[in-house]
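# Structure at a glance
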Amino acid sequence: MPHFTSSQSSSTLYSSVDNEVSWNDLSVVELKKQLKSNDLPVSGVKAVLIQRLEDHQSSSQPPSTKTSKYFSANNEQSTPLKGAVRFGVAEKTPSKSPQSPSTPSKKKTKKSPPAVTPEKRGSAINKTPTKRKSPPKMKSTLPSRKRIKIEPGSLPPPENWEKIYKLVEELRSDRSAPVDTDGGHELPEKQLGPVVHRYQILTALMLSSQTKDAVVGETMRILQRHGLTVENIHNTDSETLNAFIGKVGFHNNKTKFMKQAAEIILSQFSGDIPPTAEGMMTLPGVGPKMAYIVENIAFGTVTGIGVDTHMHRIFNDLKWVDSKTPEKTREQLEGWLPKQRWGEINVLWVGFGQEVQQQKEKSLRKALACSSPREALGLVQKLRLDVKKEAKRFGLEEELNKVLNGTMYR
């Protein structure tokens, strides 16, 4: 039998079939080229390619009296293609007549889903879905976390607190800490009358948050030269006011709070500050610490303790309270400290903390010179002043060793 190359035309190929040329004699590449020239798919194994060519030939040419190699004229049943089972190609159906060409296999059609009748649709819509029942909630056996208010006098006082308190009074007897010259009780202009005096006390406390007293004093004097009255602050534009207080911490917020507070004081309190701590806490930027201190200084009324960060740190170091915030420190202090000391405790202990932190040499010398130097050194040591280090730094080692007698106070 003659062999045909892939360059031969389909008509040549058909004539070759009539001359009983085997499709199987062509390579896969040649078969694919023949399929491509007839615009037929070229995917699949060799047996599939041959089948596709046979089907195309049968549909393109009149029936031939000759049969393909794959159908024996002597047998009524067809012989399956080689490798048909191996490559997943279905066996050919026997032809009724050896002269009839093979027919292409029919594609399977998907069955359409059953039609939904209006009755079925209505019943599906009207059917109420069953709700899944949630499991019953178990009651918690844990105790309630509701905060219990600490009433004044309800807590036991710390051991030896009075002895330590009197020692601090002695160490602070000279009143030389920064708060004694630049605190809210010293800066206001009393000569301008009680209304202006009270407003300046409030202003000094509003400026003091997150700011050292020396900076507060400098800023207050700038405002006083400008005219520190509620009417003048109300009429001063925010940009100018912000420039005046630019050295204090969070001056942008404080400018806004001062302007808002001046508006409220003029419109709701006839130009004077609120007379109670509760009323002052309605003003923007005024918290419990400021309100209780202003109430004490401006009106001579004590309804609470003003606790700042100095006091919060000191009293936790001394184990007089166990708290996370200054407000919790205030509540615990009020729970055991006698009320007659509420008005004085802020200035006394804030000044003591300032000296221990900021004026270490002066604090150490005062401790060495007081009536109870050993106890005083132990006190400042608890408040994080390293007495040995600072004594060496300031040439006070000899005096320190005399007091300690070679042992550190515990």
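Residues numbered from 1 in each chain as written. Predicted model: local features only at pLDDT ≥ 70, side-chain atom pairs only at ≥ 80, totals over all residues. Heavy atoms only, no water.

The next point concerns the packing of helix 16 (residues 345-358) against helix 17 (residues 360-369). Running from amino to carboxyl end, helix 16 crosses helix 17 at an angle of 110°, the nearest separation of the two axes being 5 Å. The pairing of helix 16 with helix 17 is recorded here as roughly perpendicular in orientation. Of the two possible hands of crossing, helix 16 and helix 17 adopt the one that is left-handed. Packed against helix 16, whose contacting residues are Glu355, Val356, Gln357 and Gln358, the element helix 17 presents Lys360, Lys362, Ser363 and Lys366 at the interface. When its residues are assigned to classes, the contact of helix 16 with helix 17 shows 1 nonpolar, 3 polar and 4 charged. (Axes fitted to C-alpha atoms, helices over the stretch in contact; angles between N-to-C directions. Helix = DSSP H or I, 4+ residues; strand = E, 2+ residues; numbered from the N terminus. Parallel < 35°, antiparallel > 145°, perpendicular 65-115°, else oblique. Left-handed = near helix turned anticlockwise from the far one by under 90°. Contact = heavy atoms within 4.5 Å. Nonpolar A, V, L, I, M, F, W, Y, C, P; charged D, E, K, R; others polar.)

Nonpolar side chains in soluble globular proteins tend to end up buried together. Formed by 41 residues in total, the largest nonpolar core has its most connected members in Phe315, Ile345, Trp349, Phe352 and Leu377. Elements that contribute at least two residues to this core include exactly helix 5 (161-171), helix 14 (309-317), helix 16, helix 17, helix 18 (373-382), helix 19 (387-393) and helix 20 (397-404). With sequence-adjacent residues up to four places away left out, Ile345 is seen in contact with Tyr165, Ile305, Met311, Phe315, Leu333, Leu337 and Val350. Within the second largest apolar cluster, 33 residues are counted, among which are Tyr199, Leu241, Tyr292 and Val294. (Core = buried A, V, L, I, M, F, W, Y, C linked by side-chain atoms within 4.5 Å. Buried < 20%, exposed > 50% of the residue type's maximum accessible area, 1.4 Å probe, protein only.)

Counting through the fold element by element, Phe250 comes out in the loop between helix 10 (238-244) and helix 11 (251-268). Given a relative accessible area of 55%, Phe250 falls into the exposed group. Along the primary structure Phe250 and Thr211 are separated by 39 residues, whereas in three dimensions their C-alpha atoms are 8.9 Å apart.

Every buried residue of helix 20 is listed here: Leu400, Val403 and Leu404. Down the axis, helix 20 shows its buried residues gathered within 90° of arc, on one side only. Across helix 20 from its buried face, at more than 90 degrees, point the exposed residues Glu398 and Lys402. (Arc of directions from axis to C-beta.)

Looking now at the confidence of the model for the protein. In this model, the protein carries a mean pLDDT of 81, and residues with pLDDT of at least 70 account for 71%. Every residue in residues 1-21 scores below 50 in pLDDT, and together they form 35 contacts with partners more than four places removed in sequence or on other chains. (pLDDT = per-residue confidence, 0-100.)

Here we come to the pattern of salt bridges. On inspection of all chains with the given rule, the structure shows 16 salt bridges. Of the charged contacts in the structure, one is a salt bridge between Lys366 and Asp174, with a shortest N-O distance of 3.1 Å. Linking Lys366 in helix 17 with Asp174 in the loop between helix 5 and helix 6 (178-182), this pair joins segments that are 192 residues apart in sequence. Taking relative accessible area as the criterion, Asp174 reaches 40% and is therefore assigned partly exposed. For Asp272, the salt bridge identified is with Arg198, shortest N-O distance 2.7 Å. In this pair, Asp272 is assigned in the loop between helix 11 and helix 12 (277-280) and Arg198 in helix 7 (residues 194-208), connecting sequence segments 74 residues apart. The pair Asp272 / Arg198 is uniform in exposure class, with both members buried. It is possible to trace a salt-bridge network through shared partners that takes in Asp174, Glu355, Lys362 and Lys366. (Salt bridge = Lys/Arg side-chain N within 4 Å of Asp/Glu carboxyl O.)

Right, let's talk about the packing of aromatic side chains for a bit. Scanning all chains against the criterion turns up 8 aromatic pairs. A ring pair is formed by Trp161 and Trp336, whose centres lie 5.3 Å apart and whose planes are at 70°; its orientation type is edge-to-face. Of this pair, Trp161 sits in helix 5 while Trp336 is found in the loop between helix 15 (326-334) and helix 16, placing the two residues 175 residues apart along the sequence. Side by side, Trp161 and Trp336 carry an identical accessibility label, which is buried. Taking 5.5 Å as the distance between ring centres and 90° as the angle between the ring planes, the aromatic pair formed by Trp320 and Trp336 counts as edge-to-face. In this pair, Trp320 is assigned in the loop between helix 14 and helix 15 and Trp336 in the loop between helix 15 and helix 16, connecting sequence segments 16 residues apart. Classification of Trp336 as buried rests on a relative accessible area of 8%. (Phe/Tyr/Trp six-rings, centres within 6.5 Å; stacked < 30°, edge-to-face > 60°.)

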